[in-house]
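Remarks on the overall topology
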Amino acid sequence: VMSSFRENAFKAFEKNIDKERSLYKEAYKKELTQRLQGKGNAPFTISSEDAAQIVLKIAQSKNPKPRYYITYAATLLGVLKRILPTKWFDFILLKI
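Our subject in this report is the structure included herewith. Not measured: the values here are computed from a predicted model.

1. A few points about the packing of helix α4 (residues 72-83) against helix α5 (residues 86-95)
It is at 8 Å that the axes of α4 and α5 come closest, and there the two elements cross at 155 degrees. Taken together, the axis directions place α4 and α5 in an arrangement best described as roughly antiparallel. Classified by chirality, the crossing of α5 by α4 is right-handed. Contacts between α4 and α5 involve L77, L80 and K81 from the first element and F89, I92 and L93 from the second. When its residues are assigned to classes, the contact of α4 with α5 shows five nonpolar, no polar and one charged.

2. Points about the pattern of salt bridges
Across all of its chains, the model carries four salt bridges by this definition. Salt-bridge contacts for E14 lead to K19; the nearest nitrogen and oxygen are separated by 2.9 Å. For E14, a relative accessible area of 37% gives the class partly exposed. Classification of K19 as partly exposed rests on a relative accessible area of 24%. Taking the shortest distance from any N to any O, the salt bridge between K25 and E20 comes out at 3.4 Å. The class of K25 is partly exposed, set by a relative accessible area of 26%. On the accessibility criterion, E20 (44% relative accessible area) is partly exposed.

What counts, and where the lines are drawn
Residues numbered from 1 in each chain as written. Predicted model: local features only at pLDDT ≥ 70, side-chain atom pairs only at ≥ 80, totals over all residues. Heavy atoms only, no water. Axes fitted to C-alpha atoms, helices over the stretch in contact; angles between N-to-C directions. Helix = DSSP H or I, 4+ residues; strand = E, 2+ residues; numbered from the N terminus. Parallel < 35°, antiparallel > 145°, perpendicular 65-115°, else oblique. Left-handed = near helix turned anticlockwise from the far one by under 90°. Contact = heavy atoms within 4.5 Å. Nonpolar A, V, L, I, M, F, W, Y, C, P; charged D, E, K, R; others polar. Salt bridge = Lys/Arg side-chain N within 4 Å of Asp/Glu carboxyl O. Buried < 20%, exposed > 50% of the residue type's maximum accessible area, 1.4 Å probe, protein only.

In short, shape yes, function no, at least from these values alone.
Next comes the structure, spelled out in structure tokens:
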């Protein structure tokens, strides 16, 4: 769900981590900074309003399911988890 979490985490990261002198400098440059800035996450996020509507619908359901996939990416990963061997599924997760 879209929120200020990443923005706040990025501010804390910038304030508290000396990324230029860190052992993880390359990882920070390559991946972490982009993640904290929220780049490239569209298939995994929905608005808080959309999430609230889904939660309301679930709460009002007479026979709720044990789990719900509320984004396209979650649905796709749920299907892949059921049909792929664990090793293949883990490989895909590492690429995301």
